[in-house]
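What the coordinates show
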Amino acid sequence: MSDSAAAPTSTGIDHKKLIMWLFLASDCMFFGTLISTHLLYRKLYPTGFTDAEGHVRFVQNLFDIELTSFSTFILLMSSFLMALAVSAMHKGQIASFRRNVLGVILFGLIFLGCQVYEFTHFYHKGLTIQNSVFGSTFYVLTGTHGTHVAIGVLWLVLLYFYSFTGKLRGHIGALDVEIAGLYWHFVDIVWIIIFTVVYLVEYLGPNGIWGSAVATITP
Amino acid sequence: MATAAHHAPVTDKTELPVERSDIGLVRPDRTTGLLDWLTTVDHKKIGILYGAFAMFFFLLGGVEALAIRTQLAKPNNDFISAPMYNQMFTMHGTTMIFLGVMPLSAAFFNFLVPLQIGARDVAFPRLNAFSLWTFVFGAFALNVSWVFEFGHLQGWFDNYEWYSKLVYKDFAPANGWFSYAPLSGTFGQADAALHAQRFTGVGTDFWIIGIQILGVASLAASFNFIVTIFNMRAPGMTMMRLPVFTWMTLVTAFLIILAFPAITVALIELMFDRQFGANFFNPTNGGQPILWQHLFWIFGHPEVYILVLPAMGIVSEILPTFSRKALFGYPIIVFSGAVIGFLGFAVWSHHMFTTGLGPVPTAAFSLLTMAIAVPTGVKIFNWVGTIWGGQVRFTPPMVLSLGFIWMFMCGGFSGIMHSSAPADSQQQDTYFVVAHFHYVLLGGVLLGLMAGLYFWFPKIFGRMPNATIAYIASAMVIFGFNLAFGPMHYLGLTGMPRRTHTYQTGFGWEQWNFVATIGAYILGLGVFLAFANLVWTAWRGKRAETDPWDGRTLEWSLPSPVPAYNFAQTPVIATRDAWFEHKHGAARIGALSDGGPEGVHMPSQSWMPLLAAVGFLMIGLGLPMMSMGIPHLGWLVIAGLGVLFLGIWLWAIEGPGGYHLKTPSAKSVTPTPTASAHA
């Protein structure tokens, strides 16, 4: 929204796009630190968590991988719609932009809903932020990601309503949508990493779903 | 955007009709007085505000240092109590690093970078104002803890229920500037209110939220400066023609955006431990306090270079000016600065040699730490090469810069001693370490920043500081500094532990501690004198010429003080040190006539950055008070989030606005060599 954003720049990249890339670089380090914390503690305490009855349980007994796979798929598809919204905006097709961005908002809300359900479900199974290191790292890591998604949804809602003022148009309008898109895709990519290293890897190895240790530990 | 419609250029925005945002809010337009300073988006005014706040906090941190030194002047002293002593050294370190050195560097970034690259402002002027006010309010939230500590000592809270429930009543931060867990963290199981037991009082909560807010300010400023330096260079100003100060600003900004996320996460984790009973660093439930050390120093070591690289950039501008030679080995100085930045991320564990990392990591971090001495040494050789054979003028900035090289080298040498893990395990947590980092941060950074202040002050305010007082102050600072910190090498090697409240007689420490205290007072008076000289100059000093030092970079081609639009016409650069070449040789600065009769486009002022920063202030005050157990303060935090969101939303929909400012006639704005006394 800066006038200077329309002026030619030394690198040829718009100011606003460049600052978003820099923010994302910084956010990489942010999530990198959170994911490292989680993985370090997983390696240190491989057994997982203590359930509501006081039994030590493996993490894959807690996870509902079907639900998480579904919400991951939804988030991936939201990125697809986001790409369509950006493309529509570049072509000046405002109606198509609105339809696609509404889809992104809806899918983002479904993802958040799944996360709220998952958190409640895990809480009732006995995993709290206070009773184990796994609980602390899991809730803070995925919760921080959820906060990023929520901010993205809020941003897109504001852009959606802003489009009705008629001011979201031309090069600047397309740029604003593209930058929101960069953010959304980044948050999506971070989730792919979290889904892999927090959820999927729990099913590998001797303690995993194909390993021998599962049967002996389940009470 | 409609507000930026074309109109005849004006000399002041108040000549135009009032500008309103889309929802009818009036935008501020005064360019003088309090209203201007609160809403300005001018990088020069923001730089001056950064500098003023930083100098205030420098003096505050200095008073805290003098309290520490007075306490240690003689054995078994009781000038301040042990809990107060802990708060003093914690707030001294935190204040000097986050509220003194970093904002003073930011003051130079703000004032100089756009001028040095031939730009009219930074890329995001309102974001720049947001960085400033977020810094100011973060610093305020941190220091409000002193008010609570004062109230506690005065017995103001004696009749309150929340006060009687507090276990630890240290209200100012008291766990050292790196706040090691578990001291800063929790132990035991969380209770029904989700609180685990804590080792320290709410001072730690002030520290956590204060540093978090200051981090937001630093990150926002760094994003802004990287975009500015990459994108707003004048035509012909290639990367390898950038002044070295601008280069070091760029490296520093990259260090900030990549290092601050680590401390941000660490602070979030610590906050969750303290507020919600999480277990990141709680040993009772399997948390590993050493994780805090890793996360802190992954931030903390790059932070050291965040502090020193701007000072190195300043010195790299001053030495060539007063040697009347181009900087020796410009490309290798730039490259060394970048290498220091990279290596800065690979040496954090040298702060942790005594934690038992194992032989392989210890050896690796030892080697990498020794390696970082190479680019640093290269820089020092290049500076010496710059002075060598030059026509040296010993002006106050030059004296301070030479002091920088000398003192920084001393600090560097003891740093190489630390890089050897066996030696370091003897020096860990002794006064030897205190001596080392004060040589680097005070002898290095403070002298460099003071040199910068005395060098650019005539450009910033158009007035020349008194040279005699400057020489006296410089001598007092350098002499007092060595008297204070030189003996600490000896004290440390004979075993005096760091952060000790007092010491017994008979260790042989009495004499040198007393000498160090005398040195500290001379140093303190010197810094005060140097700053007082500057403050007096800003209002009453003698008028300075446009280019009093025969400068080399673009800012010296502009009038002093610099007009709001900086460059009436965009300069076109043909060489490094363009202004010097332009004055003394063939004209090397062209001009684009983009100012012209339409005037220069200026961004409008705004209240919104200040409003968004007020949201951070409410969070910064609410969270520690909530942590104290004062009822209903959680609502202040939520309201703070609301104000933050409101500020950002109004900021987004108001747009940059803008108007056109008249420039002097084209004839007088083409850069011409001024007939200065030195030419």
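Residues numbered from 1 in each chain as written. Chains lettered and ligands numbered in written order. Predicted model: local features only at pLDDT ≥ 70, side-chain atom pairs only at ≥ 80, totals over all residues. Heavy atoms only, no water.

Some remarks on the packing of helix 3 (residues 94–125) of chain A against helix 4 (residues 133–162) of chain A
All names here are of chain A. Where helix 3 contacts helix 4, the two axes come as close as 10 Å, and the packing angle between them is 155 degrees. With respect to each other, helix 3 and helix 4 are oriented roughly antiparallel. The handedness of the crossing between helix 3 and helix 4 is left-handed. Tallied by class, the residues present in the contact of helix 3 with helix 4 amount to 18 nonpolar, 6 polar and 2 charged. (Axes fitted to C-alpha atoms, helices over the stretch in contact; angles between N-to-C directions. Helix = DSSP H or I, 4+ residues; strand = E, 2+ residues; numbered from the N terminus. Parallel < 35°, antiparallel > 145°, perpendicular 65-115°, else oblique. Left-handed = near helix turned anticlockwise from the far one by under 90°. Nonpolar A, V, L, I, M, F, W, Y, C, P; charged D, E, K, R; others polar.)

Notes on the interface of chain A and chain B
Contacts between the two partners involve 38 residues from chain A and, on the opposite side, 46 residues from chain B. Summing both partners gives a buried area of about 3,400 Å² for chain A against chain B, and 70% of it is carried by carbon and sulfur. Here chain A is connected to chain B by 0 salt bridges. One can count 18 residue pairs in polar contact (both at pLDDT 80 or more) joining chain A with chain B. Elements represented by at least two residues in the side of chain A that touches chain B include exactly helix 1 (15–44) and helix 4 of chain A. With 16 residues, the top contributor of residues to the side of chain A that touches chain B is helix 1 of chain A. Split into classes, the residues belonging to the side of chain A that touches chain B amount to 20 nonpolar, 14 polar and 4 charged. (Contact = heavy atoms within 4.5 Å. Buried area = accessible area lost by both parts, 1.4 Å probe. Salt bridge = Lys/Arg side-chain N within 4 Å of Asp/Glu carboxyl O. Polar contact = N/O pair within 3.5 Å; in protein donor to acceptor, adjacent residues only side chain to side chain.)

Observations concerning helix 7 (residues 244–276) of chain B
Residue and element names in this part refer to chain B. Spanning 33 residues, helix 7 covers 47 Å between terminal C-alpha atoms, matching the ideal 48 Å at 1.5 Å per step. Along helix 7, the largest kink reaches about 30 degrees and is centred on alanine 259; proline proline 261 follows within four residues of it. Where burial is concerned, most of helix 7 is hidden: 29 out of the 33 residues are buried. Following helix 7 by one or two positions, glycine 277 adopts a phi angle in the positive range, close to 70 degrees. (Expected span 1.5 Å × (residues − 1). Bend = angle between axes of the 7 residues up to and from the residue. Buried < 20%, exposed > 50% of the residue type's maximum accessible area, 1.4 Å probe, protein only.)

With respect to the packing of aromatic side chains
Residue and element names in this part refer to chain B. Summed over the entire model, instances satisfying the criterion amount to 75 aromatic pairs over all chains. Their ring planes at 55 degrees and their centres at 6.3 Å tell us that phenylalanine 98 and tryptophan 177 sit as a pair that is tilted. Linking phenylalanine 98 in helix 3 (residues 82–117) with tryptophan 177 in the loop between helix 5 (161–165) and strand 1 (186–187), this pair joins segments that are 79 residues apart in sequence. For the residue pair phenylalanine 98 and tryptophan 177, the accessibility class agrees, reading buried in each case. Consider the rings of tryptophan 177 and phenylalanine 296, whose centres lie 5.3 Å apart with planes at 75 degrees: the pair is edge-to-face. Of this pair, tryptophan 177 sits in the loop between helix 5 and strand 1 while phenylalanine 296 sits in helix 8 (residues 289–323), and the two are 119 residues apart along the sequence. Relative accessible area serves as the criterion here: at 11%, tryptophan 177 is assigned to the buried category. Given the relative accessible area of 1%, phenylalanine 296 is considered buried. Each residue in the set Phe98, Trp177, Phe178, Tyr180, Phe260, Phe280, Phe281, Trp292, Phe296, Trp297 and Phe299 is aromatic and connected to the rest through ring pairs, giving one cluster. (Phe/Tyr/Trp six-rings, centres within 6.5 Å; stacked < 30°, edge-to-face > 60°.)

Comments concerning the confidence of the model for chain A
The predicted structure's coordinates, where accompanied by low pLDDT, should not be read in detail. Confidence in the prediction of chain A, expressed as mean pLDDT, is 89, and 89% of residues score 70 or more. Confidence over residues 214–219 of chain A falls short of pLDDT 50; this stretch has 9 contacts with residues more than four positions distant or in other chains. (pLDDT = per-residue confidence, 0-100.)

So, the environment of alanine 652 of chain B
Residues and elements named next belong to chain B. Along the polypeptide, alanine 652 turns up in helix 18 (residues 634–654). On the basis of relative accessibility, which here comes to 30%, the residue alanine 652 falls in the partly exposed class. Along the chain, alanine 652 and methionine 608 lie 44 residues apart, while their C-alpha atoms are 9.1 Å from each other.

A closer look at the pattern of salt bridges
Residues and elements named next belong to chain B. What the rule picks out here adds up to 16 salt bridges over all chains. Across the pair aspartate 42 and lysine 44 runs a salt bridge whose closest N-O atoms are separated by 3.2 Å. Each member of the pair, aspartate 42 as well as lysine 44, is classed as buried. The closest approach of N and O atoms between lysine 583 and aspartate 547, which form a salt bridge, is 2.5 Å. Residue lysine 583 is located in helix 16 (residues 578–584), and its partner aspartate 547 is located in the loop between strand 4 (542–543) and strand 5 (570–573); the two are separated by 36 residues in the primary sequence. You'll find lysine 583 and aspartate 547 in the same group, each marked buried. Look at the salt bridges and you will find they share partners, linking Arg324, Asp547, Asp550 and Lys583 into a network.

Quick word on the nonpolar core
Counting residues in each nonpolar core, the largest one holds 267 residues, and the members touching the most others are Phe63 of chain A together with Phe98, Trp292 and Trp383 of chain B. Of all the elements, helix 3 of chain B adds the most residues to this core, at 21 residues. Those residues in contact with phenylalanine 63 of chain A, other than ones at most four positions away along the chain, are Phe122, Phe134, Phe138, Val198, Tyr199, Glu202 and Tyr203 of chain A. Counting residues in hydrophobic clusters, the runner-up holds 8 residues, among them Val10, Tyr565, Ala568 and Val600 of chain B. (Core = buried A, V, L, I, M, F, W, Y, C linked by side-chain atoms within 4.5 Å.)

Looking at a nonpolar patch on the surface
Taken together, the side chains of Leu154 and Leu158 of chain A together with Ile23, Leu25, Phe645, Leu646 and Trp649 of chain B present a nonpolar region at the surface, about 570 Å² in accessible area. Mapped by element, the contributors of at least two residues to the nonpolar patch are helix 4 of chain A together with helix 18 of chain B. Relative to the helices and strands, tryptophan 649 of chain B is located in helix 18. (Patch = residues over 30% accessible without salt bridge, like charges linked within 9 Å, V, L, I, M, F, W, Y side chains within 5 Å. Areas by Shrake-Rupley, 256 points an atom, 1.4 Å probe, with all protein chains shown as cover.)

Digging into unusual backbone geometry
All names here are of chain B. The omega angle of the peptide bond from alanine 181 to proline 182 is 5 degrees, so this bond is cis rather than trans. The residue after serine 560, namely proline 561, is reached through a cis peptide bond having omega -15 degrees. Within the element layout of this structure, proline 561 appears in the loop between strand 4 and strand 5. Unlike most non-glycine residues, asparagine 566 shows phi in positive territory, near 60 degrees. With respect to the element layout, asparagine 566 can be found in the loop between strand 4 and strand 5. Of the residues examined, asparagine 566 reaches a relative accessible area of 2% and is grouped as buried. You will see that aspartate 577, though not glycine, has its phi angle at about 50 degrees, which is positive. For aspartate 577, the location among the structural elements is in the loop between strand 5 and helix 16.

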